[in-house]
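A closer look at the structure
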Amino acid sequence: MKINFSFKQFFPSKWQIKLPVMLAAVVMMGITLSVLIEIGWGTDPATFMNYHVAALLGTEDIGFIQIMDYAVLLIFVILFGAQHIGFGSIANMCLIGFVCDFSRWIWNLTGFHQFLAAASMGVLIPIFAATLLLFVISAAVYMNSELGIAPYDAIPTIISASAKKMPFFAIRIIFDYSAIAIGLLAAFFARNNIVNPVASFAGIGLKTNIFGSACMSLLLGPLISVVGNWMRKVMPVFQNEETAQK
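Before going into details, it helps to say that this report is about the structure given with it. Remember, predicted model here, so these are calculated numbers, not experimental data. (Residues numbered from 1 in each chain as written. Predicted model: local features only at pLDDT ≥ 70, side-chain atom pairs only at ≥ 80, totals over all residues. Heavy atoms only, no water.)

**Quick look at the overall build of the protein**
- Across its full length, the protein holds 10 helices and two strands.
- The order of helices and strands in the protein, counted from the N terminus, is α-α-α-α-α-α-α-α-β-β-α-α.
- In summary, the protein has a C-alpha radius of gyration of 18 Å against a globular reference of 18 Å for 246 residues, a match within 12%.
- Computing the positive centroid from 13 side-chain charges and the negative centroid from 11, the protein places the two 11 Å apart. (Helix = DSSP H or I, 4+ residues; strand = E, 2+ residues; numbered from the N terminus. Rg over C-alpha atoms; globule rule 2.2 N^0.38 Å. Lys, Arg positive; Asp, Glu negative; His and termini not counted. Charge placed at Lys NZ, Arg CZ, Asp CG, Glu CD.)

Okay, here's the thing in structure tokens:
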């Protein structure tokens, strides 16, 4: 088996500009993710899985859990799609969870956690909408930086390259729903560790809303694509040769 990997893939065109922009986007993803968790209406499927695996292991922190889960997925990516690995892969894998954990500590320290817990629906809706928009924009920047993607994001792309008769969006949705199923299974076995569930499904207490995560699995991909296409048109640093010619 030939592994399609080269260190040159870490340094695409304009990487000196893209790298700090990508890192800022990944940090923003961690911050916005922490707010989504605090609100409790749902997160992206990967975080839903990691958050409940963390509960199974008796912790609130997802930083180390994300590294552990993604390290397992990384083995598959190295074997079958190593060309997707880059600085973005490492940043997503190692930073988002810890930034999220640190941000939640700050929210608790400053009273923002308590504010969200007591806020009315009229206050939470605009905060949720603004946070989700920032998360989508940040994810679009990270995914369109051409600096590699996280193992979780790479696997559907690798599968799509082999299963060409199946649309990519269908593969991505199946993969996302598989992550939600793993999170749900982890929540079932972690039921003694989830003391104050914010939602439930089939009698299983959850740390965030499964329906919100299920909806995000359907909407995040198209939204990120729309934002990414717009970015490539108006921001020169994200333009590839084909876009620039247009």
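Picking up after the structure, the text goes on.
**Considering helix 3 (residues 63–81)**
- At V72, helix 3 shows its strongest bend, of approximately 30 degrees.
- Residues of helix 3 that are buried: G63, I65, Q66, D69, Y70, V77 and G81. (Bend = angle between axes of the 7 residues up to and from the residue. Buried < 20%, exposed > 50% of the residue type's maximum accessible area, 1.4 Å probe, protein only.)

**Topic: the environment of F128**
- With respect to the element layout, F128 can be found in helix 6 (residues 121–143).
- Taking the C-alpha atoms as reference points, F128 and I39, 89 residues apart in sequence, are found 7.4 Å from one another.
- Other than its neighbours up to four places away in sequence, F128 contacts L36, I39, W41, G42 and M216. (Contact = heavy atoms within 4.5 Å.)

**What to know about the pattern of salt bridges**
- For the structure on display, the rule yields six salt bridges.
- Among the salt bridges present, the one from K207 reaches E60, with a minimum N-O distance of 2.6 Å. Here K207, found in the loop between strand 2 (204–206) and helix 9 (210–234), pairs with E60, found in the loop between helix 2 (45–56) and helix 3; they are 147 residues apart in sequence, far enough to count as distant.
- The exposure class of E60 is partly exposed, given its relative accessible area of 41%.
- When the shortest N-O distance is used, the salt bridge between R172 and D176 registers 3.3 Å. Highlighted residues: R172 and D176, both in helix 8 (residues 168–189), separated by four residues, approximately one helical turn.
- The exposure class of D176 is buried, given its relative accessible area of 3%.
- Salt bridges linked by common partners bring E38, E60, R104 and K207 together as one network. (Salt bridge = Lys/Arg side-chain N within 4 Å of Asp/Glu carboxyl O.)

**Some details on the state of the cysteines**
- Counting across every chain of the model gives zero disulfides.
- Free cysteine: C94, not disulfide-bonded; nearest cysteine sulfur from C100 at 15 Å.
- The class of C100 is buried, set by a relative accessible area of 0%. (Disulfide = S-S within 2.5 Å.)

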